[in-house]
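Here's the letter readout for the chains.
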Amino acid sequence: MQISKTNISERLDHVYDAIIVGGGAGGLSAGIYLQRYRLSSLIIDKGKARSFWMQELHNYLGLSPDTPGRVLLQQGKKHYESLAGDFLTAYVEEVVDEGDTFAVRVKVGRQNSTYFVLHSKYLIAASGIIDHLPSLENMQNVFEYAGYNLHVCMVCDGYEMIDKQCGFFAGSEASIEEMVFNLSWFTPYITIFTHGLFTVSTELRSKLQQYGYRLVETPIKQFLGQNHHMSGVELVDGTVVELETGLISMGSRYHNTYLQRIDLELKGGNLVTDKMCRTSHPRIFAIGDLKVGLNQVVIAAGDGALAATQIWRDIRRSFGVRCWQENLISNI
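Our subject in this report is the structure included herewith. Please read all numbers here as calculations on a predicted model, not as lab measurements.

This next bit is on the overall build of the protein chain. When you go through the protein chain residue by residue, the secondary structure sums to eight helices and 20 strands. The buried share among the 332 residues of the protein chain stands at 47%. For the protein chain, the exposed area adds up to about 16900 Å²; of that, 50% sits on carbon and sulfur atoms. Charged side chains of the protein chain number 30 positive and 35 negative; the gap between the two group centres comes to 7 Å.

So this is what it looks like as structure tokens:
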């Protein structure tokens with residue numbers, strides 16, 4: 001059921017078996033499995049999952065390579081709701097561990113917001129990461145091309161950049177060291193843009209020159225192109241650099257601040273989990289981009305299946321063998 005301000009009061013006294021924070025591929029997968037296990041679940045989604053911006057899913061088994069990410073999410077939500085799962089568009093402010101349950105405080109509505117507290121036995125963190133994009137005066141100019149031929153994931157889209165003139169948009173010297181020489185597996189034609197955000201060391205500058213990679217440190221004024229196809233950048237000094245594709249590596253922000261009051265094991269910014277996606281807290285699971293692992297849509301969907309299955313196992317074991325009265329009556 002779609003939950004909103006008008007009917008949320010019906011769920012305030014209900015204790016869900018699991019609340020899932022995030023309605024991307026991982027969260028929807030978890031919800032579908034939970035409902036099929038005859039458990040009660042609620043997905044709380046703030047909107048615009050990372051996969052929503054993917055215009056084509058090139059490496060998701062069984063899907064046409066031109067399938068937009070939003071189509072995958074729409075179909076996933078439709079499937080989940082067909083199984084009587086609850087879905088709420090809201091922002092999770094805070095999660096409090098009450099012992100046997102979690103209290104999940106949510107903000108509903110961006111304007112004239114209303115706050116509510118919902119409860120569950122288990123929590124699945126599937127809220128993902130938010131990529132940092134080049135900061136321009138007109139950010140719509142960035143969104144015009146991001147997710148088309150201006151990519152944010154080399155694992156997803158390295159194949160799409162093969163032998164093309166590629167702009168690499170770096171957020172730090174470390175990102176250049178980490179990514180450029182991996183990107184060169186796909187294309188030798190790489191121009192690195194720092195957007196004037198940091199200074200490149202003499203050592204790295206020399207290394208880039210050694211491999212023939214152009215370094216542009218002048219800030220970017222705008223991206224150029226049409227019909228969502230980026231064809232280059234214009235710098236603030238008026239210089240135009242022609243490109244055929246681009247990769248943004250300016251860092252990202254993990255959307256997990258709602259878990260700050262709970263002591264969880266981290267590795268860098270990622271939550272550490274076991275093979276079933278359970279965190280260091282026995283009733284909190286982390287799936288997809290939040291956990292240590294590979295940031296891929298198909299991985300997130302698999303993580304959702306793992307987390308939901310383990311929650312079902314936990315609840316089934318604590319409940320014990322189900323005794324069906326129908327069987328007892330029929331045997332009298």
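Across all of its chains, the model carries zero disulfides by this definition. Left unpaired, Cys277 is separated from the closest cysteine sulfur, that of Cys156, by 18 Å.

So, on to the side chain of Thr245. Mapped onto the secondary structure, Thr245 falls in strand S16 (residues 245–249). Thr245 gets classed as buried once you look at its relative accessible area, which sits at 1%. A distance of 3.0 Å separates a polar side-chain atom of Thr245 from the backbone oxygen of Asn149. In this structure, Thr245 is in contact with Asn149, His151, Met161, Lys164, Gln165, Cys166, Gly167 and Met230, ignoring residues within four places of it in sequence.

This brings us to the nonpolar core. Ranked by size, the top nonpolar core spans 27 residues in total, and within it Ile44, Leu88, Val95, Val104, Val106, Leu123 and Leu259 carry the most contacts. Residue assignment for this core shows that the elements contributing at least two residues are strand S2 (15–21), strand S3 (41–45), strand S5 (91–97), strand S6 (102–108), strand S7 (114–125) and strand S20 (284–286). Leaving out residues up to four positions away in the same chain, Leu259 has contacts with Val95, Leu123, Ala125, Leu264 and Leu271. Formed by 22 residues, the second largest nonpolar core is a distinct cluster that contains Ile43, Leu73, Ala126 and Ala307.

This next bit is on the packing of aromatic side chains. Tallied over the full model, the rule gives eight aromatic pairs. Ring geometry for Phe169 versus Phe223: centroids 5.3 Å apart, planes at 70 degrees, classification edge-to-face. Here Phe223 lies in strand S13 (residues 220–226) and Phe169 lies in strand S10 (residues 166–170), a separation of 54 residues in the sequence. Note on Phe181 and Tyr211: the rings are 5.3 Å apart at their centroids and 65 degrees apart in plane angle, and the pair reads as edge-to-face. Pair noted here: Phe181 is in helix H5 (residues 173–183) and Tyr211 is in helix H6 (residues 202–211), with a separation of 30 residues, a long-range link. What links up through ring pairs into an aromatic cluster is the set Tyr33, Tyr37 and Trp312. Cation over ring: Lys77 sits above Phe87, and NZ or CZ is 4.2 Å from the ring centre. When the ring centre of Phe181 is taken as reference, the NZ or CZ atom of Lys207 above it lies at 4.5 Å.

What counts and what doesn't
Residues numbered from 1 in each chain as written. Predicted model: local features only at pLDDT ≥ 70, side-chain atom pairs only at ≥ 80, totals over all residues. Heavy atoms only, no water. Helix = DSSP H or I, 4+ residues; strand = E, 2+ residues; numbered from the N terminus. Buried < 20%, exposed > 50% of the residue type's maximum accessible area, 1.4 Å probe, protein only. Areas by Shrake-Rupley, 256 points an atom, 1.4 Å probe, with all protein chains shown as cover. Lys, Arg positive; Asp, Glu negative; His and termini not counted. Charge placed at Lys NZ, Arg CZ, Asp CG, Glu CD. Disulfide = S-S within 2.5 Å. Polar contact = N/O pair within 3.5 Å; in protein donor to acceptor, adjacent residues only side chain to side chain. Contact = heavy atoms within 4.5 Å. Core = buried A, V, L, I, M, F, W, Y, C linked by side-chain atoms within 4.5 Å. Phe/Tyr/Trp six-rings, centres within 6.5 Å; stacked < 30°, edge-to-face > 60°. Lys NZ or Arg CZ within 6 Å of the ring centre and 35° of its normal.

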